[in-house]
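For reference, the chains in residue letters:
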Amino acid sequence: MRRAATVEAPANIAFIKYWGATDLERAVPVNPSISMTLARCVSRTTVTCLGAGEADVVEIVADDGSTMPAGGAFRSRIVAHLERLRAESAEACGFEVRTRNSFPAAAGMASSASGFAALTIATMRALGHDPGVAELSRLARLSGSGSAARSVLGGYVEWPTAGSEELHAQQIAAAEHWTLCDVVALVQTGPKKVSSLDGHRRAATSPHYARRQELLPQRLQRVREAIEGRDLQLLGPVLEEDAIELHLIAMSSQPAIFYWAPATLRVLERLRQLRDEGVSAWATMDAGANVHAICGPEAEEAVAAALAAVEGVEAVVRDRVGPGPRFLDDSSAADGGAS
Ligand code: PMV
């Protein structure tokens, strides 16, 4: 019998970043991270179980619905993760995977978190397994994309939680608790030159890396408090500080990594001006040149318009906190995760 499942899983944006791993292949992080799960930037993945021993098939679905076989490193990472999921669930079947992103892959926005979260949840569902959201988070992490561990949950998410030995993410507040927006200024839409995997690998070579570990416990606590109290004036400076520090570490790693483009600095400058004008919006950047401006819904319009006018900004994507993955073959998804 062919069993299939379709899952839509969102991207997430970290306020405190995962940067550096003790086991890179299994994404065992050096530090806890806290993120906001997005609503609109999603990967939609259908997994179908094939016969035992059949070869895996991986296809990318285009906007017009046509499919083409995936190749290269993209296919290899997906097949390697399917292999892990087969081993973890003691199953022998092959899989057919069809996947598409709501945001163009070439837009320079991270899609590995949403992609591997969707793949993990859909595969387990197609197999008829219901491991629960903590286990799905652990399994998603094994893809090597650590941030995928956070994308199986909605709202505000911490990974790993203090004292957890399983290193799975956990929701710290539901999406409805606090509506925050993520206005993304796209300044570089090609693939990045250095992967986040290489960034993690080099992180400990930076003289600033150890200092960040010392500062993080206090920073994490401030972010938890800010989320609990819905306090953007507390959250904003901390999330911007942590993102700048990630890039400081990248720039001072051996060999050095410069993710920023000239327009990255122009967007950061514009956000500082906006704050001087009374608009509360704060910047964070992943392992790339694009800038995510975190703000409340009342500021979203003004921030999007201001950033679209900055020289070098190719497009602005508007997203906001969302409820997490959902199944498209039934309506059983609940806020808190696709368990
Ligand atoms: O999940 P990875 O291995 O692509 O690493 C994510 C790295 C950052 O996006 C820069 C930070 C984060 O916590 O999302």
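Just so we're clear, the structure is a prediction, and the values are computed from it rather than from any experiment.

S.K.: Please give an account of the packing of aromatic side chains that cites residues and values.
M.R.: Tallying each qualifying case throughout the model produces 4 aromatic pairs. Ring geometry for Tyr 18 and Trp 159: centres 5.1 Å apart, planes at 85°, overall edge-to-face. With Tyr 18 in the loop between β1 (4–16) and β2 (21–23) and Trp 159 in strand β8 (residues 156–159), the pair connects residues that are 141 residues apart, well separated along the chain. Given the relative accessible area of 8%, Tyr 18 is considered buried. By the ring-pair criterion, three or more aromatic residues cluster together here, those being Phe 15, Tyr 156 and Trp 178. Residue placement shows Arg 125 over the ring face of Phe 327; its charged tip is 3.7 Å from the ring centre. The ring centre of Trp 282 lies 3.9 Å from the NZ or CZ of Arg 275, which sits over that ring.

S.K.: Account for unusual backbone geometry, naming residues and giving values.
M.R.: Outside of glycine, negative phi angles account for most residues, and trans bonds account for most peptide bonds. Omega for the bond connecting Trp 159 with Pro 160 falls within 30 degrees of zero, at -15°, which places this linkage in the cis form. Position of Pro 160 among the secondary structure elements: in the loop between β8 and β9 (170–173). In this structure, the amide linkage connecting Gln 254 to the following residue, Pro 255, adopts the cis form with an omega of -10°. Relative to the helices and strands, Pro 255 resides in the loop between α7 (232–251) and α8 (262–276).

S.K.: Tell me what's going on with the packing of helix α6 (residues 209–228) against α7, and back it up with residues and numbers.
M.R.: Running from N to C, α6 and α7 point in directions that differ by 155°, and their axes come no closer than 10 Å. On the basis of their axis angle, the class for α6 and α7 is roughly antiparallel. Handedness of the α6/α7 crossing: left-handed. Counted together, Tyr 209, Arg 212, Leu 215, Leu 216, Arg 219, Arg 222, Val 223, Glu 225 and Ala 226 of α6 and Leu 234, Leu 235, Val 238, Glu 241, Asp 242, Glu 245 and Ile 249 of α7 form the full contact between these two elements. Of the residues assigned to the contact of α6 with α7, the class counts are 9 nonpolar, no polar and 7 charged.

S.K.: Describe the site of the ligand, with residues and values.
M.R.: In the vicinity of the ligand there are 14 residues, among which Tyr 18, Ser 147, Arg 150, Ser 196 and His 200 approach most closely. At 3.0 Å, a side-chain N or O of His 200 approaches an oxygen atom of the ligand. At 3.3 Å, a side-chain N or O of Asp 286 approaches an oxygen atom of the ligand. Looking at the shell around the ligand residue by residue, the class counts come to 5 nonpolar, 6 polar and 3 charged.

S.K.: Give me the lowdown on helix α9 (residues 297–308), citing residues and values where you can.
M.R.: Between its first and last C-alpha, α9 extends 17 Å over 12 residues, near the 16 Å set by a 1.5 Å rise per residue. Buried within α9 we find Ala 299, Glu 300, Val 303, Ala 304, Ala 306 and Leu 307. Buried residues of α9 fall within an arc of 165° about the axis and therefore sit on the same side. Opposite the buried face of α9, at more than 90 degrees from it, the exposed residues are Glu 298 and Glu 301.

S.K.: Quick one: what's the story with helix α2 (residues 112–126), residue by residue and with numbers?
M.R.: The end-to-end C-alpha separation of α2 is 21 Å, in line with the 21 Å expected for 15 residues at 1.5 Å each. Of all 15 residues in α2, 13 are buried, a share of seventy percent or more. Phi for Gly 128, located one or two positions after α2, is positive at around 85°.

S.K.: Outline the pattern of salt bridges, listing residues and values.
M.R.: Applying the stated criterion across every chain, the model contains 21 salt bridges. For Glu 269, the salt bridge is made with Arg 272, and the minimal N-O distance between the two is 3.1 Å. You can see Glu 269 and its partner Arg 272 sitting in helix α8, 3 residues apart, about one turn around the helix. Among the residues examined, Arg 272 registers a relative accessible area of 40% and is labelled partly exposed.

S.K.: Account for the nonpolar core, naming residues and giving values.
M.R.: The biggest cluster of nonpolar side chains holds 39 residues, and the ones touching the most others in it are Val 47, Phe 95, Val 97 and Leu 119. For this core, the element with the highest residue contribution is α2, accounting for 8 residues. The residues contacting Val 47, other than those within four sequence positions of it, are Arg 3, Ala 4, Ala 5, Phe 95, Glu 96, Val 97, Leu 119, Ala 122, Thr 123 and Ala 126. Ile 13, Phe 103, Val 184 and Leu 235 belong to the second largest nonpolar core, which has 29 residues in total.

S.K.: I'd like a rundown of the sheet that holds strand β13 (residues 315–320), residues and numbers included.
M.R.: Taken together, the 4 strands give an open sheet; going across it, the order is β11-β12-β10-β13, and neighbouring strands pair in antiparallel fashion. Looking along the sheet, the strands with just one partner apiece sit at the ends: β11 (281–284) and β13. Taking each pair of neighbouring strands and ignoring which way they run, the sheet shows an average axis angle of 25°. Running over the sheet, α7 touches β11 and β12 (291–295) and is turned about 25° from β11.

S.K.: Could you give an account of the state of the cysteines, naming the residues involved and the relevant values?
M.R.: Enumeration over the complete set of coordinates arrives at 0 disulfides. No disulfide involves Cys 181; its nearest neighbouring cysteine sulfur is the one of Cys 295, lying 5.1 Å away. A residue is classified by how much of its surface remains accessible, and Cys 181, at 0% relative accessible area, is buried.

S.K.: Tell me about the environment of Pro 325, and please be specific about residues and values.
M.R.: Relative to the elements of secondary structure, Pro 325 occurs in the loop between β13 and β14 (326–327). For the pair Pro 325 and Glu 8, spaced 317 residues apart in sequence, the C-alpha to C-alpha distance is 5.5 Å.

Cut-offs applied
- Residues numbered from 1 in each chain as written.
- Predicted model: local features only at pLDDT ≥ 70, side-chain atom pairs only at ≥ 80, totals over all residues.
- Heavy atoms only, no water.
- Phe/Tyr/Trp six-rings, centres within 6.5 Å; stacked < 30°, edge-to-face > 60°.
- Helix = DSSP H or I, 4+ residues; strand = E, 2+ residues; numbered from the N terminus.
- Buried < 20%, exposed > 50% of the residue type's maximum accessible area, 1.4 Å probe, protein only.
- Lys NZ or Arg CZ within 6 Å of the ring centre and 35° of its normal.
- Axes fitted to C-alpha atoms, helices over the stretch in contact; angles between N-to-C directions.
- Parallel < 35°, antiparallel > 145°, perpendicular 65-115°, else oblique.
- Left-handed = near helix turned anticlockwise from the far one by under 90°.
- Contact = heavy atoms within 4.5 Å.
- Nonpolar A, V, L, I, M, F, W, Y, C, P; charged D, E, K, R; others polar.
- Near = heavy atom within 4 Å.
- Polar contact = N/O pair within 3.5 Å; in protein donor to acceptor, adjacent residues only side chain to side chain.
- Expected span 1.5 Å × (residues − 1).
- Arc of directions from axis to C-beta.
- Salt bridge = Lys/Arg side-chain N within 4 Å of Asp/Glu carboxyl O.
- Core = buried A, V, L, I, M, F, W, Y, C linked by side-chain atoms within 4.5 Å.
- Pairing = 2+ DSSP bridges.
- Disulfide = S-S within 2.5 Å.

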